[in-house]
Amino acid sequence: MFTRSATVLLEENAGILMNWLNSFDAVLTDCDGVLWVYGDVIDGSVEVMNRFKEMGKKIFFCTNNSAKTRKELLVKAQQMGFNVTENEIISTAHSTATYLKQRDFNKNVYVIGSEGITKELDAFNIKHNTVGPDHMTGNLADYLSTRFKLENNVGAVVVGFDEHFSFPKIAKAASYLNDPDCLFIATNTDERFPMPSMVIPGTGSLVRCIETCAERQALVIGKPNVSICAHLIDDGTIKPERTLMIGDRCNTDILLGYNCGFQTLLVGTGVHTLESVRRWQTSNDDELLKLVPDVYLPKLGDLLQYM
């Protein structure tokens, strides 16, 4: 109805808004910045998502966060009051493990990331290193001669969010990736996490660092890569033209919607603003135009009055 127009839904009359609500049967939504911020639920998001389900719409939580398993995300969502099941949660950690399992992967994985990834690998009996700090003490020459050690039979490097990212991890990952047969997988490429008084590097910052050193590009599992939800399209669970993608980040959530042929809704409770979108609309750059959502709301909870 509103293809890449960034229409502000609250400025439309109730009849048009109801027609829009009836134009989709399935909803994929990002989590951080749309439904909650860290441990705090965003006002109205629980009620809207639960109401979607009551209306008979299929719902899926689709997150690039690789720090938690699907089960852990399920517990968090249910404790907040969301009516969701484990099969309705799509996470990059689980999708990465599934990708390796589908390839009959039987080697070891070097993981730069958190236990969210390693626990999902464990579920498929895929061997991996222990995640956590890997510091370099002393100077580089001493470290390389006495403490630098590569494991045998590593067939994949997986990079997710890692608060213990370090020089030794870069060196090990690049050394494994020197073998062209070693798989290079990134859970996502979110550049950063803006906070009120600081910027926190996201997984994408770590991935780019290793790509530079390894002189290779990673296969990206998460949004905006179609592969994260391709199974829902392939098995007929959702029809792209009847599916709504909700997000707060245009270069992941909204671009995923564009790539899949979904309808798209940007909410203003996270990363990207309507002001940024308006600038992109005047651009002649096709890549920027792909980031423009169909519709916009200040927050997801604003929909509740029309449902």
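No experiment lies behind these values; they were computed from the predicted model shown. (Residues numbered from 1 in each chain as written. Predicted model: local features only at pLDDT ≥ 70, side-chain atom pairs only at ≥ 80, totals over all residues. Heavy atoms only, no water.)

**Describing the sheet that holds strand β2 (residues 26-29)**
Each strand in a sheet pairs with its neighbour through backbone hydrogen bonds, running either in the same direction (parallel) or in the opposite one (antiparallel). Applicable threshold: Note on pairing: DSSP must find at least two bridges between two strands before they are called paired. Each helix is a run of DSSP H or I of at least 4 residues and each strand a run of E of at least 2, with the numbering of both proceeding from the N terminus.
One open sheet holds the 7 strands; their spatial order is β1-β15-β14-β13-β2-β5-β6, and the pairing between them is parallel. Strands with a single pairing partner mark the edges of an open sheet, and in this sheet they are β1 (7-8) and β6 (89-91). Across 2 bridges, the pairing between β1 and strand β15 (residues 295-297) is parallel. From the neighbouring strand, T7 faces β15, where its bridge partner is V295.

**Focus on the pairing of strand β7 (residues 108-112)**
Stated formally: Three labels apply to residues, based on accessible area from a 1.4 Å probe with only protein chains included: buried if under 20% of the type maximum, exposed if over 50%, partly exposed otherwise in between.
Of all 5 residues in β7, 4 are buried; the element is thus mostly enclosed. Bridge count for β7 against strand β8 (residues 154-159) is 5 bridges, and the pairing is parallel. From the neighbouring strand, N108 faces β8, where its bridge partner is V154.

**Some thoughts on the UniProt feature "active site" (unreviewed entry) in the chain**
We apply this condition: UniProt positions are given in the numbering used here, feature names are shortened, and annotations may be inferred rather than shown by experiment. By the convention used here, residues are in contact when the closest approach between their heavy atoms is within 4.5 Å. Identification of polar contacts relies on pairs of N or O atoms within 3.5 Å, with a donor-acceptor requirement for protein atoms, meaning one able to donate a hydrogen and the other able to accept it, and with residues adjacent in sequence counted only if both atoms are side-chain atoms.
The UniProt record marks D30 and D32 with the feature "active site" (unreviewed entry), using the residue numbering of this structure. Position of D30 relative to the elements: it lies in the loop between β2 and β3 (36-37). Excluding anything up to four places from it in sequence, D30 contacts L35, C62, T63, K223, M245, I246, G247, D248 and D253. In terms of polar contacts, D30 uses its side chain to reach the side chain of K223, at 2.8 Å. Turning to its location among the elements, D32 is positioned in the loop between β2 and β3. Ignoring any residue separated from it by four or fewer positions in sequence, one finds D32 in contact with Y38, T63, N65 and D248.

**Here we look at the environment of T130**
Looking at the secondary structure, you find T130 in the loop between α5 (115-123) and α6 (140-146). Judged by its relative accessible area of 74%, T130 is exposed. Spatially, the C-alpha atom of T130 lies 17 Å from that of I185, the residues being 55 residues apart in sequence.

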